[in-house]
Amino acid sequence: MIEAPNPDTLPAETALRDPGEVMRLSRMGSFFPTRLSFMRTLIRRLSRETATVTRPVWDIDESGFGRAVYSLTVGGHVYSLVAFSAPLDPERRTDRVIAEAWDTSYVLYDGTPSTAEIDRLEENAPKQEAGRFGASDLVLCRANKSVRVFEHVVDCLARGTQPCSDLINATGYLMRTTAVYGNGKFGIADRARIEQRSGLSGPFAAEMLAVWLVRGFTLDLVEHIARCRAPATFVALDRKFKRHLGIGNATGLGMAPFLVSHPILLNNWMMARETALARVRAVSKTSPEIIESFLHLIARARRHLGQWTVDDGRQSERIATLRGELAELEALATPQWLSEPYPWDRLIEATGRCSLECQELVVALVLEPHGDLVDGLVDCMASDERPRLQPATTAGDLKRLIAEHCGWATSIDFEYRRATKQFWYVSEEKLEPRLGDRYDEPGADLEMPLDIARRVQALRRDLDGLPDEQTVAEFLLSRPEHRYVVRRVQTLAAHPYAEIRDNLIGADCLPIDMLRCKLSFFGASKFDPKSDRWTRITLYQGAPLFDEIGGADADDWWLPVLEGAS
Amino acid sequence: MRHSLNEIEVLLRKAATGAGYPYGVAEDIGQAGAWLCAQGQDGVAACLAGIDTGPDAPPPTLRNTGTLSFVDAHIAHCGPSAFDFLLSNDTAGEVRLANADAPLLLVGLAGAAAEAWETDFALQYSHGCTVRVGPSGLDMSAPPPVAGIDVILTRTEKIDAPSDRKSPSDGIDVDEVLWAKALALAARTYVPASEASRARGAGAGEIDND
């Protein structure tokens with residue numbers, strides 16, 4: 001149970017940034033991971049507990065196929081990653097949801113699985129969506145090898161050499177996950193089972209734990225295969241490479257609707273982030289230690305950007321701009337400049353003329369040395385609250401709410417075809433979410449309800465002519481089609497960061513912006529867009545290894561750099 | 001087969017959407033079904049009974065001071081509005097639902113509303129039984145009410161309903177025939193597969209051997 005904070009003891013804050021400024025796709029699509037990101041939060045938690053990972057089962061053959069179990073205790077509960085590795089025909093290796101086979105599959109299990117339970121999971125985990133799972137199964141996921149890197153590392157280690165730094169840096173992982181399922185999917189446990197448990201109560205905490213354990217498995221697996229291949233010449237992978245190898249992830253459209261279907265959760269994530277920024281901006285005078293830490297971090301960020309290269313033209317240009325802008329800020333933010341009053345507020349102000357990517361990088365940067373001010377906010381990021389209809393609200397009140405909070409929606413001209421060009425839908429093919437062209441493809445009659453702005457406008461039109469004193473209850477009795485959007489408008493009044501303030505069906509909507517926002521909250525970095533609707537990323541790059549939890553630098557891995565890579 | 005509560009809620013919401021209900025109403029139906037399942041009731045059957053016939057025109061209503069009446073009450077349609085009416089009234093009001101087609105769904109909608117608003121409801125049936133629903137659970141000693149019954153719905157003082165709520169973490173057994181029926185309704189919301197959709201819709205390739 002989290003106690004309500006005492007307002008008299010809360011840190012000072014400046015005004016929060018306006019939701020109309022923050023909740024735009026272009027800005028959300030420029031976010032970077034912060035120390036509030038869920039992976040960071042989990043690793044801090046594991047470090048506080050000095051959690052120890054054990055490997056009670058390792059039944060993997062010389063080719064790397066078989067099963068393994070990793071266990072650890074968090075908050076007094078034992079959790080185990082049950083991992084399966086199997087041969088995969090290269091023709092079947094795809095990151096898409098429509099895949100039906102994978103190199104590896106995993107279940108995060110609640111407790112220590114018996115052999116019978118491992119057998120059960122071995123029957124089902126490799127089938128993923130086609131399998132059935134039970135209430136002891138908390139997370140289901142799978143990962144495919146980055147064939148080029150995995151084979152290179154095996155080959156090098158077997159020959160007694162270390163892998164190529166540039167290749168390790170360019171890819172950043174041995175395997176990438178292509179889906180991580182929690183909260184009741186395919187019969188696994190509802191989130192209610194763990195949401196009150198210390199350590200796993202935060203958003204996506206169980207999923208983040210599973211992925212961290214998967215990363216450890218990939219490192220063990222690559223060494224195991226190399227050792228079996230050439231025991232006489234094998235060498236272990238250098239720790240600096242292990243630390244820099246995270247776990248990759250391919251993320252497509254499936255993740256985007258989540259931000260729309262969980263408005264209160266989105267609000268809470270954003271509110272925590274913006275509150276953290278407001279607290280840091282309110283710092284009137286900073287300490288030499290924090291200045292030193294900041295200078296170290298900005299230098300690291302510069303080097304990280306130097307190691308962030310992608311094929312995508314749009315993102316490459318953004319990175320190039322960002323490198324230049326950060327260099328200017330680094331020159332500006334001297335120790336003396338930072339010793340003047342309100343250094344962080346002035347620094348944020350100074351980014352006003354920079355790209356959104358630079359502005360959001362600096363937001364993440366200034367939070368980083370201020371854990372004592374901001375880390376407690378992670379307790380406010382979870383929510384099981386549902387948007388609740390307020391039936392006593394009057395039509396007049398509802399009109400005022402729309403006028404006050406939904407100008408972003410009512411200002412769009414939906415008569416213009418480009419404003420309705422896209423539609424979101426679920427394909428019958430493995431229920432893969434997809435995006436279509438309304439004027440060129442069938443299926444728009446089955447579109448998902450992500451057209452929030454258009455619905456707000458329709459509601460506003462239908463409120464015209466109603467007596468101001470008529471209640472929402474009376475209105476919805478004859479117009480139930482507005483129930484969904486009335487609930488959202490009312491939610492927005494109390495949760496200002498609950499809506500993406502853009503037209504999600506417009507021709508200019510780039511789903512990749514939604515993906516980057518959500519993935520940044522996970523803690524992802526090295527965004528590598530492959531189109532406007534899917535991206536690869538790296539998770540846990542630079543994060544502590546199993547045997548480094550609790551170490552001095554266990555929380556110091558924001559925007560990691562691989563020494564020796566170009 | 002056992003299913004998680006989230007799975008049940010999501011499928012019932014999709015099924016209601018597939019049956020033609022507005023999304024906001026479908027959300028309420030999904031929550032009602034999951035709430036019933038958590039109470040050990042057959043929430044899937046209750047929801048399917050309510051949505052099977054599809055939405056119709058806005059239901060005929062009669063209104064007097066403090067009372068809202070539905071004739072031939074189609075619960076999936078008028079149920080959410082019934083609770084809106086009670087929750088929007090400061091004064092003690094009642095909703096009369098005649099010839100209710102899915103009375104157990106009404107119990108589920110009551111449960112979801114009770115949880116959301118931390119309030120209590122009484123459902124008084126024409127055969128004399130009363131079901132009480134609150135945030136802490138459900139007091140329904142009599143067998144589940146059957147279709148065609150008349151119901152009077154009121155908000156009540158807080159009660160301590162004996163909670164026989166199952167742990168939602170255990171999963172819920174659902175009849176396979178009913179589940180298949182819900183899946184079929186949900187499938188009406190999916191766009192048929194095509195090569196063009198597969199190639200363009202997700203913006204990704206189909207082989208990733210890099």
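Here the structure is a predicted model, which means the values were calculated and not measured.

The rules behind these values
- Residues numbered from 1 in each chain as written.
- Chains lettered and ligands numbered in written order.
- Predicted model: local features only at pLDDT ≥ 70, side-chain atom pairs only at ≥ 80, totals over all residues.
- Heavy atoms only, no water.
- Salt bridge = Lys/Arg side-chain N within 4 Å of Asp/Glu carboxyl O.
- Helix = DSSP H or I, 4+ residues; strand = E, 2+ residues; numbered from the N terminus.
- Buried < 20%, exposed > 50% of the residue type's maximum accessible area, 1.4 Å probe, protein only.
- Contact = heavy atoms within 4.5 Å.
- Buried area = accessible area lost by both parts, 1.4 Å probe.
- Expected span 1.5 Å × (residues − 1).
- Domains from an automatic or database assignment.

Caption draft 1: Geometry of the pattern of salt bridges. Residue and element names in this part refer to chain A. Under the criterion given, the structure shown has 73 salt bridges over all chains. Asp137 serves as the salt-bridge partner of Arg120, at 2.9 Å between the closest nitrogen and oxygen. Residue Arg120 is found in helix 4 (residues 115–124), and its partner Asp137 is found in strand 5 (residues 137–145); the two are separated by 17 residues along the sequence. The shortest N-O distance in the salt bridge between Arg239 and Glu548 comes to 2.9 Å. A residue pair is termed long-range when its members are at least 10 positions apart, and Arg239 in helix 8 (residues 239–244) and Glu548 in the segment after strand 11 (535–539) qualify at 309 residues. On the basis of relative accessibility, which here comes to 41%, the residue Arg239 falls in the partly exposed class.

Caption draft 2: View of the interface of chain A and chain B. Of the residues lining the interface, 59 residues belong to chain A; the matching set on chain B comes to 52 residues. Taking both sides of the interface into account, the surface hidden between chain A and chain B amounts to around 4,700 Å²; carbon and sulfur atoms contribute 50%. By the criterion of area lost to chain B, the three top residues of chain A are Arg96, Leu477 and Arg483 of chain A, representing 14% of everything that side buries. Where chain A packs against chain B, one counts 9 salt bridges.

Caption draft 3: Spotlight on helix 1 (residues 5–18) of chain B. Residues and elements named next belong to chain B. The terminal C-alpha atoms of helix 1 lie 20 Å apart, and with 14 residues this matches the ideal 20 Å at 1.5 Å per residue to within 8%. All buried positions along helix 1 are accounted for by Leu5, Asn6, Glu7, Ile8, Glu9, Leu11, Leu12, Ala15, Ala16 and Gly18. Buried positions along helix 1 lie against strand 1 (2–3), helix 2 (23–38), helix 3 (43–51), strand 9 (172–173) and helix 6 (176–187). Looking one or two residues past helix 1, Gly20 carries a phi angle of roughly 110 degrees, positive in sign.

Caption draft 4: Up close: the domain arrangement of chain A. Residues and elements named next belong to chain A. The domain architecture assigned to chain A consists of domain 1 (14–23 + 255–261 + 382–531) and domain 2 (49–252). Put simply, the middle of domain 1 and the middle of domain 2, counted by C-alpha atoms, are 36 Å apart. If you look at the interface, domain 1 gives 14 residues, while domain 2 gives 18 residues. Contact with domain 2 buries area across many residues of domain 1, yet Lys430, Glu432 and Phe522 alone supply 48% of it, more than any other trio.

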